[in-house]
Structure formats: structure tokens, C-alpha cells
Amino acid sequence: MKNFDEIEKFVRHGKPVVKTSRQLDRQTLDDSYVAMEGTIESTSKDGKSGKLKFAVQNRAIKHIAAAAVIIVVTSLFLDRERQTPEITTPYPQETKLISMMSLRLSYQRGGFDALDQQFRETLDVLGPRSSGVSMKELLEGTNGS
Amino acid sequence: MIEDKKLVWKFNRGSKDAFRRIYEKYKNELLGLAVTLLREKSIAEDVVHDVFVSFAGTVGAFNLSGTLKGYLSTCVANCARDRNRLKVGQNVTADFMPKAFIEAMDPVSDGPPEYAIDCEQSGRLMDLLALLPYEQREVIVLHLHQEMRFREIAEALGLSINTVQSRYRYGLEKLRTILNSTVEK
């Protein structure tokens, strides 16, 4: 035999064909079943405490997640509040209250409630028919001028 | 392969029938491997027994990453190595005919003459393999008989692939030398 291929062929061909005895089969299967039952039993005992531990962990994880969400939302809200520019206009108090820009800012801050509140304040200051503020002044800020 | 995965899945759920089917499927092959590595039927049977019992103990947590045959073959090889260490010092010569091995042979050949030839060839191979260091024998048998890849063997035995390949090469080289010297005689 000169090359490895022939040696490999020889080894492959010489693979033994053996058969287990019935006694070995019976013994192995019996012992294996006992081992399986032992493992299953011990796993089911551990399983109860394991499940409880998992539930506790799960609950803790839920709380942590909820807290994290609250923190993120709050910080985002505060950040946005901080970023909202305080616009000071050179107009008199009446103009400031009724201009489109101030109405829009009110709406952005508090929605329709804030808008309503501002309307009421304006009404208190100006009265039902004010002639102190011109139309031009009222529409100041709507077209960027 | 898919059948094995299915059997392992059922076994992990505590199916004794699935375990029995795994045992039936691989018992003879693993016994052949153990006999080839250890050359003693009684010790080989102990190895197969121990491997299956410890495998049964992993029920519910057994995770099959490669092939089931590869996994079980590796278990047998590891167990056989431990047993082999215990009987180190036992002197084996090329004239030794493994009687226990012949007893374990299954007459699957076509007829008595073919069976005798198979037995003779297997017996001769066993004699030759016994002359190799255990590490080389192990790699050759796992690769050529159990059809495991070098990478699989390396991972299973915790060796580098280069070590496995060099053991294989040295083993075959030694076998060739022995066979050639036998032919010259």
C-alpha cells in the first residue's frame, strides 16, 4: 500500500459490524429510564421556585421599564418647555393678548383651554368693542411683518 | 438529521419511546466504536451503557448543536479514553487476535466465507490500530468509521484542527509503514 487513499479504504472497509446483547440493551434502557425519571423529578421540584423567581424578576423588570418610560417622557416634556422661546413683543398689552402669534403660542402651551382663557383675559382688558387697537396691530405677526 | 432533531425534541419532553429509538438507532455503531478503541467487549459495553445513561440524565436540557451521532460518538471516545488510561501498561502485540471482538461480530455478510473474510479483515485492522498510540487511533476511527469531520473532532476533543490533522496523518503513515513491512515479510 503506497498512498493514503488505499490505507483509508482499508480502514473504512475494516469497520467492525457488532451487535449489542439483549442483556446490555435491557440493562442500559432500564438504567437510562431511571436516570430520566430522576432528572425530570428534580427539575419539576426546582421548577416551582424557578417560576417564582422568574415572576419576581419579571415584575421587577416591569417596574423598572415603567419608571424608565416616565423619566424619559418627563425629561422630554421639560426639555421642550425649556426650548419653547419666550417671545416678547414690543406691542402694548392689548395687542400682545390678541395677536395671532400670541394666540398660537397659547394654543401650543395649553390647547383650547389656554386659548379660551386668553380670550377671556382679552375681553376683560379690552371690553367687548375695543377701538384702542387697530386692525393692523391685531394682525401683526401673522404674515411675519 | 431532521429525524434526530425530532427525536431529541421528544426526548427533551420526557419521551421514553424517543430515547429508546435513539438507543436502537446508534447502539451497534457506538459499540463498534468502543470495541475498536478499547478492544475489549466487556469494557466497550460498559462504555456504551454509561454514555446512554448519562445522556438520559440530560433530559429536558439537552441541546444538540451538531449531529447526534457525532455527539454520542464523542461521548464514547471520551469515555473510552478514560477507560484506556486505567488499563495503560497492558502490552498489546500485532499477533493478538481480539477474541471478544470476534464474538461480538454480527454475521451480516452474504455467507460463511464472506463473514470469515470480513472478520479476518476487521480483526487485522484491529490488530494494526492497536499498534498506534491511542490519540492517533481515536482520530482515525472517528474520521473514517464515524464519518466525523476534522473540525467536529477538534471541537469535540478540545484540540486544534491542526493537531487533529497531524495525528491523523501520523497515524496513517504509521499504518502504511506497518502494512508495507508485513507485505515485505
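Scroll up to find the structure this text is about.
J.: Talk me through the overall build of chain B; I want residue IDs and the actual numbers.
T.: What chain B contains, in helices and strands, is nine helices and zero strands. N-terminal to C-terminal, the α/β element order of chain B is α-α-α-α-α-α-α-α-α. Relative to all contacts within chain B whose residues are 6 or more apart in sequence, the contacts with residues 24 or more apart total 67%. For chain B, the computed accessible surface area is about 9,200 Å², with 51% contributed by carbon and sulfur atoms.

J.: Please provide a residue-by-residue account of the overall build of chain A, values included.
T.: When helices and strands are tallied, chain A shows five helices and zero strands. Sorting the 145 residues of chain A into buried and exposed places 23% on the buried side. Taking as baseline every contact in chain A between residues at least 6 positions apart, the subset at least 24 positions apart corresponds to 46%.

J.: Would you mind going over the interface of chain B and chain A in detail, with residue names and values included?
T.: In this assembly, 42 residues from chain B lie in contact with 31 residues from chain A. For the pair chain B and chain A, the summed buried area comes to about 3,700 Å², and 67% of that belongs to carbon and sulfur atoms. Our enumeration of links across chain B and chain A arrives at three salt bridges. With a shortest N-O distance of 2.9 Å, Lys27(B) and Asp25(A) are connected by a salt bridge. Remark: the boundary between chain B and chain A carries 11 residue pairs in polar contact (both at pLDDT 80 or more).

J.: Could you give an account of the pattern of salt bridges, with specific residues and numbers?
T.: All names here are of chain B. Evaluation of the coordinates by the stated rule reveals 15 salt bridges over all chains. With a shortest N-O distance of 3.8 Å, Glu147 and Lys69 are connected by a salt bridge. Linking Glu147 in the loop between helix 7 (134–144) and helix 8 (150–157) with Lys69 in helix 4 (residues 68–86), this pair joins segments that are 78 residues apart in sequence. Here Glu147 falls in the exposed class, since its relative accessible area comes to 59%.

J.: Could you give an account of the packing of aromatic side chains, naming the residues involved and the relevant values?
T.: For any pair of aromatic rings, geometry is given as the distance between the ring centres together with the angle between the planes. Residues and elements named next belong to chain B. Scanning the entire structure with this criterion turns up 11 aromatic pairs over all chains. Relative to Phe19, the ring of Phe11 lies with its centre 5.8 Å away and its plane at 35°, an arrangement referred to as tilted. Judged by its relative accessible area of 0%, Phe11 is buried. Under the relative-accessibility criterion, Phe19 is labelled buried at 0%. On the basis of an interplanar angle of 80° and a centroid distance of 4.8 Å, the ring pair of Tyr23 and Phe52 is categorised as edge-to-face. Here Phe52 lies in helix 3 (residues 41–56) and Tyr23 lies in helix 2 (residues 16–38), a separation of 29 residues in the sequence.

J.: Which residues make up the packing of helix 2 of chain B against helix 4 of chain B, and what values do they have?
T.: All names here are of chain B. Between helix 2 and helix 4, the shortest axis-to-axis distance is 10 Å and the interhelical angle comes to 35°. The interaxial crossing formed by helix 2 with helix 4 has right-handed handedness. Residues Ile22, Tyr26, Glu29, Leu30, Leu33, Ala34, Leu37 and Leu38 of helix 2 form the contact with helix 4, whose own contacting residues are Leu68, Lys69, Leu72, Ser73, Val76, Ala77, Ala80, Arg83 and Asn84. For the contact of helix 2 with helix 4, the class distribution of residues is 12 nonpolar, two polar and three charged.

J.: With reference to specific residues and values, describe the side chain of His145(B).
T.: With respect to the secondary-structure elements, His145(B) resides in the loop between helix 7 and helix 8. In this structure the side chain of His145(B) is engaged in a polar contact, spanning 2.8 Å, whose partner is the backbone oxygen of Val11(A). The contacts of His145(B), once residues within four sequence positions are left out, are Val11(A), Arg12(A), Gly14(A), Lys15(A), Pro16(A), Glu29(B), Thr36(B), Leu125(B) and Ile140(B).

J.: Could you give me a rundown of the packing of helix 2 of chain B against helix 3 of chain B, with the residues and numbers involved?
T.: Residues and elements named next belong to chain B. Contact pair helix 2 / helix 3: the axes reach a minimum separation of 9 Å and the direction vectors enclose 140°. Here the hand of the crossing between helix 2 and helix 3 comes out right-handed. Contacts from Phe19, Ile22, Tyr23, Tyr26, Lys27, Leu30, Leu31, Ala34, Val35 and Leu38 of helix 2 reach helix 3 at Lys41, Ile43, Ala44, Glu45, Val47, Val48, Phe52, Phe55 and Ala56. Looking at side-chain class alone, the contact of helix 2 with helix 3 contains 16 nonpolar, no polar and three charged residues.

J.: Got a sec to walk through helix 2 of chain B? Specific residues and values, please.
T.: All names here are of chain B. At Tyr26, helix 2 shows its largest bend, some 45°. Sitting at the amino-terminal end of helix 2 is Ser15, which places a side-chain oxygen 3.5 Å from the backbone nitrogen of Asp17. With its phi angle positive at about 65°, Arg39 sits one or two positions after the end of helix 2.

What counts as what
- Residues numbered from 1 in each chain as written.
- Chains lettered and ligands numbered in written order.
- Predicted model: local features only at pLDDT ≥ 70, side-chain atom pairs only at ≥ 80, totals over all residues.
- Heavy atoms only, no water.
- Helix = DSSP H or I, 4+ residues; strand = E, 2+ residues; numbered from the N terminus.
- Contact = heavy atoms within 4.5 Å.
- Areas by Shrake-Rupley, 256 points an atom, 1.4 Å probe, with all protein chains shown as cover.
- Buried < 20%, exposed > 50% of the residue type's maximum accessible area, 1.4 Å probe, protein only.
- Buried area = accessible area lost by both parts, 1.4 Å probe.
- Salt bridge = Lys/Arg side-chain N within 4 Å of Asp/Glu carboxyl O.
- Polar contact = N/O pair within 3.5 Å; in protein donor to acceptor, adjacent residues only side chain to side chain.
- Phe/Tyr/Trp six-rings, centres within 6.5 Å; stacked < 30°, edge-to-face > 60°.
- Axes fitted to C-alpha atoms, helices over the stretch in contact; angles between N-to-C directions.
- Left-handed = near helix turned anticlockwise from the far one by under 90°.
- Nonpolar A, V, L, I, M, F, W, Y, C, P; charged D, E, K, R; others polar.
- Bend = angle between axes of the 7 residues up to and from the residue.

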